[in-house]
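Report on the structure
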Amino acid sequence: MRRTRILTVLLALAAGLLTGGPPAALAAGSPAAAAVAADSYTWKNARVDGGGFVPGIVFNRSEKDLAYARTDIGGAYRWAEETKSWTPLLDHVGWDDWGHTGVVSVASDSVDPDRVYAAVGTYTNDWDPGNGAVLRSADRGASWEKTVLPFKLGGNMPGRGMGERLAVDPHDNDVLYLGAPSGNGLWRSTDAGVTWSEVTAFPNPGNYVQDPTDTSGYASDNQGVVWVTFDESTGTAGTPTKTVYVGVADKENAVYRSTDAGATWERVAGQPTGYLAHKGVLDAENGYLYLAYSDTGGPYDGGKGRLYRYATATGTWTDISPVAEADTYFGFSGLTVDRQNPGTVMATAYSSWWPDTQIYRSTDSGATWTQAWEYTSYPARENRYTMDVSSSPWLTWGANPGPPEQTPKLGWMTEALEIDPFDSDRMMYGTGATVYGTENLTNWDDEGGQFAIEPMVRGLEETAVNDLAAPPSGAPLLSALGDIGGFRHTSLTEVPSMMFTSPNFTSTTSLDFAETNPDVVVRAGNLDAGPHIAFSTDNGANWFGGTDPAGVSGGGTVAAGADGSRFVWSPQGAGVHHTTGFGTSWQPSSGIPAGAVVESDRVDPHTFYGFKSGKFYVSTDGGATFTASAATGLPAGDSVRFKALPGGEGDIWLAGGAADGPYGLWHSTDGGASFTELPNVDEADTVGFGKAAPGASYQTLYTSAEIAGVRGIFRSTDQGATWTRVNDDAYQWGWTGAAITGDPRVYGRVYVATNGRGIVYGDTAGTEPGPGPDPEPTGGCSVAYTVTNQWAGGFQADVRLTNTGGSAWDGWALDWSFTGGQRVTQMWNAGHSQSGATVTAENVGWNGHVPAGASVAFGFTGEWAGRNAGPDSFTMGGRTCSTG
């Protein structure tokens, strides 16, 4: 992934939050919230595992296995050693405080390991309406108290990989320091984070900005004071540490020191200039302060860099860079010391995008270095590591690059790098997509040895979700995601094998399926070069690119006709267009403005709808012409989402608005000719549908809304007459205004889009179970087995099982034996077990009922070696199925 892709994606996400974000908090003295009905839900993530930038990993220095990770927009996490997974800690952050899901820094208290702190805030410009805060916890992040600061913090701003900006004094843990951006200087707390004041004696608030010409304030912000490091050899328990080092975003004056516990400060003499010090890590045992320098603030940019070692006793500076300055095309940032063997230090070339990032290791305090990979004879590479991404197989990006590139890549944006202070063999590092780690790091030092890298990211879900779709058949969930495109989730509890490919959008902005033919799916998105639209005829399993009309610059929104025969697309950079077939020839639509949001009627394949700037538009000729509805009173802005009800022709629900105008939920039963606002909804931002409640005839409604003064996720089983809140204050996930959908097959299940915490889904305690499998259904069967994709050591296959008997099945189990030693690694739309060569696939709850003459399909990925021949036969209930 190139840096321009990620930068474009994140700026687009930021702009999305600016235009579609939550309103300001209610003013003080607003009426107390009325009582709202509530239901008890369990909440989980539809697993992706990672998906975003992890700029910081922090190990506690006094307790083994206690570690934290911070993300730029998706909160903070604590490592759970027993499950080798991450536990989210900031899901309680609510709608009005959505900016506090961006984490600038984390500090774990080595004196009292139960204490942990997080400096939070997403943007320092006006994209984030709130100030930053320092959160403090006395129970390792299970609960928090908050102190709001008099300035903003920027967890998603340039320079966010530098740090850590927040630090706890290792001798007097009531003392904390915080480096602030935007010229706000250095701040200190002496009461364990409850109150904060500026360290007025600190002389330099920083002066480096990425781009002074940026009028948005995003790239033109002063990156400020960027890290704080204590020299623990200069203090005793109960008294503040005397010597403190501070890094500043100033290329001529990057490092400062206090030797009197912060009373006075001076620029460290003799320091290198012309670079920014991204990290400062101190080895108190040997008396060395290590510094990683780059010519820019990152996390995307950086063309030159150095590593330096400062001897704290003598004041001697030594350039310990592993390569000559002339040979660098990257900056250094990730930096760590092995606390078990302090002479061992490691660093990353964080901005080496091509052909890969680089990691350096020294076991003699930087005198000599080895590197994670090197050229043998260009472009051939020799790696000191192996990589196994089978737990997150999409990390290969479906790529097949030529040397010297490899897939999966070692990483990019590698600004977080930490060796476990209790275990020299364990190291973790963050990338722009995941957390990688190893538990045999010291193999690096063996002649010819290799250490093993694998994702250490389970539980850390960091995708920004733009759209969601839950078809009535096929995969239960399709997603449109920022950065990594999106996925076809055939199982909510397993990581999908691959993101959408052919093409790989950097961000998918919109997706839809044909309601009465859900094998037909369309998605639109952003791509540096190539089509901005793609189609699938097998429910999103495989894709092919369409053709763009002239002028298209971004994905926009797209809608599929109810039967999949035609599509309407409203891309960025061009007006609304329509087509029959699969987008080989688009025609401009008339009567509707460019930039309109488009959707389809879910019954009439010729009817499409649009919305723009307070006006609703209707087309009854397949999107060729639109007519503005006479409906009035709708939101004047463009922060609106609307959907047509499956099975209900002309039945439309519209949510959106802004605090300074109409803002709520509207319903139309006449194809948008008129709308009625629901009086019991204060504000609404999304709307979706799911399976009707038992005994109800109308589908269940879901919305992210404010109802009776309470912000939350709500459900209605009576067409919006009454509402039940299904989340609670512990599960809010910041901003949830992008998309929501219920599950058409499971009553009560709802999928919620978050901006940085991935796809969350909830089930009520009353969720109805599916039928159990019947291992011996009666009647005949036939099986079609197809290998749909194959690569070195792996393959993907689809299986279609047809009921050729005269009566329905209520449960099924299909058996076969592989003949080439193949092994199933993941299966979707079916449960599976394997013993030796024998595989059993059986129905899941929703696809157990198979009428006579009907078929059920499932698929799987597997491993193979030697030959990948298909099974010779299939059996069900002891009877052999025909094949074809």
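See the structure printed just above.
Residues numbered from 1 in each chain as written. Predicted model: local features only at pLDDT ≥ 70, side-chain atom pairs only at ≥ 80, totals over all residues. Heavy atoms only, no water.

Topic: the overall build of the protein
Helix and strand counts for the protein stand at 1 helix and 71 strands. Expected size for 884 residues packed as a compact globule is a radius of gyration near 29 Å; at 28 Å, the protein falls within 12% of this value. For the protein, the C-alpha atoms occupy an extent of roughly 90 × 70 × 50 Å along the three principal directions. Here the protein, with 884 residues, has 60% of them falling under the buried criterion. For the protein, long-range pairs separated by at least 24 residues make up 56% of all intrachain contacts whose partners lie at least 6 apart in sequence. About 30,000 Å² of surface is accessible on the protein, with carbon and sulfur atoms providing 49% of the total. Looking at the protein, you have 52 positive and 96 negative side-chain charges, and the mean spots of the two groups are 2 Å apart. (Helix = DSSP H or I, 4+ residues; strand = E, 2+ residues; numbered from the N terminus. Rg over C-alpha atoms; globule rule 2.2 N^0.38 Å. Buried < 20%, exposed > 50% of the residue type's maximum accessible area, 1.4 Å probe, protein only. Contact = heavy atoms within 4.5 Å. Areas by Shrake-Rupley, 256 points an atom, 1.4 Å probe, with all protein chains shown as cover. Lys, Arg positive; Asp, Glu negative; His and termini not counted. Charge placed at Lys NZ, Arg CZ, Asp CG, Glu CD.)

Remarks on the state of the cysteines
Inspection of every chain in the model, using the stated rule, returns 1 disulfide. Here C781 pairs with C881 through a disulfide, and the sulfurs are 1.9 Å apart. Handedness here is read from the sign of the S-S torsion; for C781 and C881, about -90 degrees, the answer is left-handed. Of the two residues, C781 sits in strand 61 (residues 781-791) while C881 sits in strand 71 (residues 879-883), which places them 100 residues apart along the sequence. (Disulfide = S-S within 2.5 Å.)

Notes on the environment of W43
Summarising the element assignment, W43 is placed in strand 2 (residues 41-45). A polar side-chain atom of W43 sits 3.4 Å from the main-chain carbonyl oxygen of V726. (Polar contact = N/O pair within 3.5 Å; in protein donor to acceptor, adjacent residues only side chain to side chain.)

Overview of the pairing of strand 59 (residues 750-753)
Along strand 59, one buried face is formed by V750 and V752 and the opposite face, lined by Y751 and A753, is buried too. In terms of strand pairing, strand 58 (residues 740-742) meets strand 59 through 3 bridges, oriented antiparallel. Directly across from I740, in strand 59, lies its bridge partner V752. Where strand 59 lies against strand 60 (residues 759-764), 4 bridges are found, and the strand directions are antiparallel. When the sheet's bridge partners are listed, Y751 is paired in strand 60 with Y761. Between strand 59 and strand 60, which follow one another and run antiparallel, lie 5 residues, and G756 among them has a positive phi close to 125 degrees. (Pairing = 2+ DSSP bridges.)

Some remarks on the nonpolar core
Ranked by size, the top nonpolar core spans 52 residues in total, and within it M346, W394, W397, L410, Y429, L468 and I484 carry the most contacts. At the level of elements, strand 30 (416-419), strand 31 (427-430), strand 33 (451-455), strand 34 (465-469), strand 35 (477-481), strand 59 and strand 60 are the ones that each hand at least two residues to this core. Those residues within four positions of M346 in sequence are excluded, and the remaining contacts are G334, L335, T336, I359, Y360, R361, W369, L417, I419, M427, L441 and W444. By size, the runner-up hydrophobic cluster in this structure holds 24 residues, among which are C781, Y785, W816 and F858. (Core = buried A, V, L, I, M, F, W, Y, C linked by side-chain atoms within 4.5 Å.)

Focus: the sheet that holds strand 5 (residues 76-80)
Spatially, the 4 strands line up as an open sheet ordered 3-4-5-6, and their pairing is antiparallel. For this open sheet the edge positions go to strand 3 (56-59) and strand 6 (85-88), each flanked by a neighbour on one side alone. Within the sheet, the average angular offset between the axes of one strand and its neighbour, ignoring direction, is 30 degrees. Here 4 bridges tie strand 3 to strand 4 (residues 67-70), and the two strands are oriented antiparallel to one another. The residue of strand 4 that forms the bridge with I57 is A69. (Axes fitted to C-alpha atoms, helices over the stretch in contact; angles between N-to-C directions.)

What is shown is where atoms sit, not what they do.
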